[in-house]
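Single-letter residue listing:
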Amino acid sequence: MLVVTNELAGRTEADAVEAVLDVLRGAGDVETATCGDKSDVDRILDARRGRRLVVVGGDGSLHTMVGALLRRGEAGVCEVALIPLGTGNDFARGVGIPVDDLAAAARIAATGTAHPVDLIVADGAGVVINAVHVGAGAEAALKARPLKRWLKIAAFPIGAVLAGFTARGWRLRVTVDGAVVARGRRRVLMAGLSNAPTIAGGTGELGPDADPTDGLADVTVSFAVGPLARVGYALALRNGRHPDRDDVTHLRGRDIRIEGEPFHVNADGELTGPFRTRHWTVAKGAWLLVR
């Protein structure tokens, strides 16, 4: 196994990584590689030599590695395991990898079976492992980003509150498999694609029934831009009840396009933009996850 760790991990994380390595070493040969920057990724993957890749980190770390594997044409043959040592760990939650028992996650990484898992792919470049969203959700992540170092998972709801007070909504056109679900006339509070159920460290269920093996993305478009509507949407989002709201459109699809006023994009916690148009497609079974 080739185990990839994060150079920026603090002392607590370093102790956790060492405990994980003890479990993995009990199951076979282990080599470790430290990733300090995206420029390290190809060097690490060049050294894989057909071995199982164990990513120690969160959605962002997995996002980076799987994106590189796809670019290199190796996503369909490289077995990838995940030890959830990130801030949110939403994808791990969604696929049943233990987030509160790293030893159990390590045992899965060492002895589990690799299964094909879907990937949401953006035009030009970029992949989505767990979820991608624009509008208030991305603005919330922007607000939370400087707080994550100190507040960890608590930064997500604080960022959401700050964004809720400032975001006016965006005039966006959203199409799903060619069908128009938002024409750009009404302001959109948030639009998102889910490959697995939760976002923001489990504090929101954007895609409550999302299944990362069905070849479809769960798509949510919220028009809840009024002050009271925003509060109602936020409360419903926490428990995945937002699809029942009159001001929310929720459906599934394989080809999704969003365009309109400039917007930021939050893809697995990675913030990019602003953009005026983005296009995503679902690649069914595009990579191999050990679980």
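The rules behind the values
- Residues numbered from 1 in each chain as written.
- Predicted model: local features only at pLDDT ≥ 70, side-chain atom pairs only at ≥ 80, totals over all residues.
- Heavy atoms only, no water.
- Helix = DSSP H or I, 4+ residues; strand = E, 2+ residues; numbered from the N terminus.
- Buried < 20%, exposed > 50% of the residue type's maximum accessible area, 1.4 Å probe, protein only.
- Contact = heavy atoms within 4.5 Å.
- 1 Å grid on protein atoms, 1.4 Å probe; cavity = no way out; pocket = protein on both sides within 12 Å on 5 of 7 lines; lining within 4 Å.
- Points joined across faces, edges and corners; volume = space filled by probe spheres on them.
- Nonpolar A, V, L, I, M, F, W, Y, C, P; charged D, E, K, R; others polar.
- Core = buried A, V, L, I, M, F, W, Y, C linked by side-chain atoms within 4.5 Å.
- Pairing = 2+ DSSP bridges.
- Expected span 1.5 Å × (residues − 1).
- Salt bridge = Lys/Arg side-chain N within 4 Å of Asp/Glu carboxyl O.
- Phe/Tyr/Trp six-rings, centres within 6.5 Å; stacked < 30°, edge-to-face > 60°.
- Lys NZ or Arg CZ within 6 Å of the ring centre and 35° of its normal.
- pLDDT = per-residue confidence, 0-100.

A. The overall build of the protein chain, seen in detail. Counting its secondary structure elements, the protein chain contains nine helices and 14 strands. Every one of the 291 residues in the protein chain was classed for burial, and the buried ones make up 49%. For the protein chain, the proportion of contacts with a sequence separation of at least 24, taken over those separated by at least 6, is 71%.

B. Highlighting the layout of surface pockets. In this structure, the second largest pocket occupies an estimated 500 Å³ of space. Broken down by element, the residue count for the lining of the second largest pocket peaks at six residues, all from helix 3 (residues 59–72). A breakdown of the residues in the lining of the second largest pocket according to their chemical character gives twelve nonpolar, six polar and five charged.

C. Inspection of the nonpolar core at higher detail. Of all hydrophobic cores here, the largest spans 47 residues; its most connected members are Leu24, Leu53, Leu62, Met65, Ile83, Phe91 and Trp287. Residues in contact with Met65, not counting those within four places in the same chain, are Val4, Cys35, Val41, Ile44, Leu45, Leu53 and Val55. Val128, Val174, Ala217 and Val221 belong to the second largest nonpolar core, which has 25 residues in total.

D. Representation of the pairing of strand 14 (residues 270–290) in the model. As defined by bridge partners, strand 4 (residues 79–84) adjoins strand 14 across two bridges and the pair is classed as parallel. If you follow Glu79 over to strand 14, its bridge partner there is Leu288. Sheet topology note: the strand 5 (residues 114–122)/strand 14 ladder contains eight bridges and is antiparallel. Counted as the bridge partner of Ala122 is Trp280 from strand 14. By the bridge criterion, nine bridges tie strand 13 (residues 255–267) to strand 14 in an arrangement that is antiparallel.

E. Region of interest: helix 3. In this model helix 3 runs 20 Å from its N-terminal to its C-terminal C-alpha over 14 residues, within 8% of the 20 Å that 1.5 Å per residue would give. Taken together, the buried positions of helix 3 are occupied by Asp59, Leu62, His63, Met65, Val66, Ala68 and Leu69. Downstream of helix 3 by a residue or two, Gly73 has a phi angle that is positive, lying close to 75°.

F. Geometry of the pattern of salt bridges. For the structure shown, the criterion picks out 16 salt bridges. The partner of Arg71 in a salt bridge is Asp42, with the nearest N and O atoms 3.1 Å apart. Taken together, the positions of Arg71 in helix 3 and Asp42 in helix 2 (residues 41–46) put the pair 29 residues apart, joining distant regions of the chain. A relative accessible area of 56% means that Arg71 is categorised as exposed. In this structure Asp42 comes out as partly exposed when scored by relative accessible area, which is 28%. Of the charged contacts in the structure, one is a salt bridge between Asp218 and Arg252, with a shortest N-O distance of 3.0 Å.

G. Looking closely at the side chain of Thr175. Among the secondary structure elements, Thr175 is positioned in strand 8 (residues 170–176). Accessibility expressed as a relative area gives 12% for Thr175, which makes it buried.

H. Structural view of the packing of aromatic side chains. Summed over the entire model, instances satisfying the criterion amount to one aromatic pair. Here Phe91 and Trp287 contribute two aromatic rings whose centre-to-centre distance is 5.9 Å and whose plane-to-plane angle is 35°, an arrangement assigned as tilted. Note that Phe91 is positioned in helix 4 (residues 90–95) and Trp287 in strand 14, a separation of 196 residues in sequence. Exposure remark for Trp287: the relative accessible area of 1% places this residue in the buried category. Residue placement shows Arg186 over the ring face of Phe223; its charged tip is 4.1 Å from the ring centre. Between the NZ or CZ atom of Arg278 and the centre of the ring of Phe275, over which it lies, the distance is 4.4 Å.

I. Inspection of unusual backbone geometry at higher detail. Residue Pro274 is bonded to the preceding Gly273 through a cis peptide linkage, with omega at 5°. The residue Pro274 is located in strand 14 in this model. Positive phi outside glycine occurs at Asp268, with the angle close to 55°. On the secondary structure map, Asp268 appears in the loop between strand 13 and strand 14.

J. Fine view of the confidence of the model for the protein chain. Averaged over every residue, the pLDDT of the protein chain is 90; the share at 70 or more is 89%. Scored below 50 in pLDDT, residues 150–159 makes 21 contacts in the model with residues more than four places away or belonging to other chains.

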